[in-house]
Amino acid sequence: MMLDLSLIIPAYNRAELLRQTLCSLNQALQTLRAEIIVVDDGSAEPLEEQLSGTIDFPVRFLRQSNQGSLIARNHGLAHAIGKYVFFIDSDDQVHPDKFRVQIACLEEHQADVCYSDECVATINAEQSTLSIIGERSLPFTPDPVELYLKIQPTPGNLIFRREYITQHFANPIVPPQRSLSPVGDIWIYYNLMIYPAKIVKVDQPYTIYIQHEQDRYSNCWEATGIASLLMTLIFLKHCPNEESTLPVRRQIGESALVSWRKLPRNFHAEFESKVLEIWKTAPPTSIENLGSRLFQKLAKLIGIENTARLLRRIQRPDYSKIQTLDRQTLNTLMQPLSNL
């Protein structure tokens, strides 16, 4: 019998945060027929053993050798049997009404994907309670390109119809590989955005992103940036160059220029060159899509690239002020980009 929902959690160590995530999910399931799948990505001590006796509801543990969160997500998806699928990181949580409301919306509209607004919270270490510190209201769009590439909801937001994603993951444009794990959630987006989809949204912050001091990919912005660039280059290499993909390729170009402008000064010459080249070779776009009114005025006078260079020189800090990696580690992470 098909279940209503499969919840898939790639996890590596961090057993206590995972326990809190599991309890949040179980509370939100309410009357839904669902399965919770934890894919243990080679934790030092098996998570199933660490959590034994601390949770009183069914959780299915799948253990694999350490291969990264992207491979773990796909491992969980291969074993899922729910009509809908939800991915969440092992340190985030959800609103108690998330699944009931979003699945009802999916059912009502016979949609492929549903997303919500988001909030950011911290956990009180002593009481394990949440304190909301900010909210993010997301615009609604029926366009997959805008949703997946421009809005980019956080992990733990979207609920997908399982057949919709498995259909397009059978032969993904960007094949899964460990080096893309820092942006594993975005890997999902890149392999869906060229295909039509029925998209719906609920206007409540049912997605909860947890801020904490433990290790997470987003703590090292260079690693996520390099993985994101690698995925973009692989995508562009395999994306059909045809009329139907024009909006995707144009949006990627716009996003590349915006990303290049946000880079610190004196970061990494090869990285900067590759990001800028994506914009230069992308389909033309309007200046209005590239920056503020100030940017637009300057661009009309001295050109888009010159304006981007000028404002970056004025507005962005030197890399030494915000770096999280030494140069040797940075160069090692850059190696997979050399062949693209």
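Let me begin by describing the structure that accompanies this report. Counting starts from 1 at the beginning of each chain's written sequence and moves along it residue by residue. For this predicted model, a pLDDT threshold of at least 70 governs which residues receive local features, and a threshold of 80 or more governs which side-chain atom pairs are given and counted, while totals over whole chains, interfaces and linings are taken from all residues. Neither water nor hydrogens contribute to the side-chain values; these are computed over all heavy atoms in the structure.

## Digging into the pattern of salt bridges
Whenever a carboxyl oxygen of Asp or Glu lies within 4 Å of a side-chain nitrogen of Lys or Arg, that contact is scored as a salt bridge. In this structure the tally under the stated criterion is 16 salt bridges. For the salt bridge of Glu35 with Arg60, the shortest nitrogen-to-oxygen distance reads 3.9 Å. Taken together, the residues span a long stretch of sequence, with Glu35 in strand β2 (residues 34-41) and Arg60 in strand β3 (residues 60-64) at a distance of 25 residues. Here the salt bridges do not stand alone but share partners, grouping Asp112, Arg161 and Glu163 into one network. Here a helix means four or more residues in a row that DSSP labels H or I, a strand means two or more in a row labelled E, and each is numbered from the N terminus.

## As for unusual backbone geometry
In this structure, Asn13 is a non-glycine residue whose phi angle is positive, near 55 degrees. Turning to its location among the elements, Asn13 is positioned in the loop between β1 (3-11) and α1 (15-29).

## Here we look at helix α3 (residues 69-79)
All buried positions along α3 are accounted for by Ser69, Leu70, Ala72, Arg73, Gly76 and Leu77. Down the axis of α3, the sector holding all buried residues measures 160 degrees, keeping them to one side. Contacts made by the buried residues of α3 are with β1, β2, β3, β4 (82-87), α6 (162-169) and α7 (184-190). Only protein chains enter the accessibility calculation, which uses a 1.4 Å probe; a residue whose area is less than 20% of its type maximum is buried, one above 50% is exposed, and one in between is partly exposed. The arc in question is formed by the directions pointing from the helix axis toward the C-beta atoms. The criterion used for residue contact is that any of the two residues' heavy atoms lie within 4.5 Å.

## Digging into the packing of aromatic side chains
Note on ring pairs: Phe, Tyr and Trp rings are taken, using the six-membered ring of Trp, and paired if centres are within 6.5 Å. Classes follow the plane angle, with under 30 degrees stacked, over 60 edge-to-face and the rest tilted. As enumerated under the stated definition, the model contains 10 aromatic pairs in all. Relative to Trp187, the ring of Phe169 lies with its centre 5.0 Å away and its plane at 55 degrees, an arrangement referred to as tilted. Here Phe169, found in helix α6, pairs with Trp187, found in helix α7; they are 18 residues apart in sequence, far enough to count as distant. Residue classification places Phe169 among the buried positions, given a relative accessible area of 11%. Considering the side-chain rings of Phe267 and Tyr319, the 5.1 Å spacing of their centres and the 70 degrees angle between planes classify their relative orientation as edge-to-face. Here the residue Phe267 occupies a position in the loop between α9 (246-262) and α10 (269-281), and Tyr319 occupies one in helix α13 (residues 319-322), the gap between them amounting to 52 residues. Among the residues examined, Phe267 registers a relative accessible area of 2% and is labelled buried. Of the residues examined, Tyr319 reaches a relative accessible area of 1% and is grouped as buried. Connected via pairs of aromatic rings, a cluster forms that spans Trp221, Phe267, Phe271 and Tyr319. Two conditions define a charge located above a ring, namely a distance within 6 Å from the ring centre to NZ of Lys or CZ of Arg, and an angle within 35 degrees of the ring normal. One residue, Arg312, lies across the ring of Trp260, its end atom 4.7 Å from the ring centre.

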